[in-house]
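Examining the three-dimensional arrangement
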Amino acid sequence: MHDYVWGLFVVMFLGQMTWLIAATMAEKWLRENDPAFEPPGFAARFFIGRLFTSFGPMNRYVQLRKERGEPGTLAVAFWIGFAISILGVIGIFASLS
């Protein structure tokens, strides 16, 4: 195995931590500021995964922040973290093939 694969694992991990922290902070903000917000249930998170159950709340977060005239910085961090983690996965698969 190539030595730089471990660096790609670190890139993937850092990207995952970035989107996870941003999604958690956005859901906390939604719980406090959106009375209609219901977080995804345990079964959805268990079977679909934490990442895919974060897309809907992140979309609602951006929508509410735009209505208030506030920046949606957490959404930008979420999508950057998502892109970095996917690039890490692609790099790992490419280097192993």
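Worth saying up front: this structure is predicted, and the values here are computed from it rather than measured.

Comments concerning the overall build of the protein
Tallying secondary structure elements over the protein gives four helices and zero strands in all. Along the chain direction, N to C, the helices and strands of the protein fall in the order α-α-α-α. Since a compact globule built from 97 residues should have a radius of gyration of about 13 Å, the 16 Å found for the protein marks it as more spread out than a globular shape. Here the protein holds 97 residues, and the buried ones make up 33% of them. Restricting the contact set of the protein to residue pairs at least 6 apart, pairs at least 24 apart contribute 74%.

Some thoughts on the confidence of the model for the protein
The predicted model of the protein has a mean per-residue pLDDT of 89, with 98% of residues at 70 or higher. Looking across the protein, the model is least confident in helix α2 (residues 42–47), with a mean pLDDT of 82, and most confident in helix α4 (residues 73–96), with 93.

A closer look at the nonpolar core
Judged by nonpolar contacts, the single largest core of 15 residues is most densely connected at L30, M58, Y61 and F78. Secondary-structure elements contributing two or more residues to this core are α1 (4–33), α3 (55–68) and α4. Here the element with the most residues in this core is α1; it accounts for six residues. Filtering out sequence-adjacent residues up to four positions away, F78 remains in contact with W19, A22, A23, L51, S54, F55 and M58.

Cut-off values and rules
- Residues numbered from 1 in each chain as written.
- Predicted model: local features only at pLDDT ≥ 70, side-chain atom pairs only at ≥ 80, totals over all residues.
- Heavy atoms only, no water.
- Helix = DSSP H or I, 4+ residues; strand = E, 2+ residues; numbered from the N terminus.
- Rg over C-alpha atoms; globule rule 2.2 N^0.38 Å.
- Buried < 20%, exposed > 50% of the residue type's maximum accessible area, 1.4 Å probe, protein only.
- Contact = heavy atoms within 4.5 Å.
- pLDDT = per-residue confidence, 0-100.
- Core = buried A, V, L, I, M, F, W, Y, C linked by side-chain atoms within 4.5 Å.

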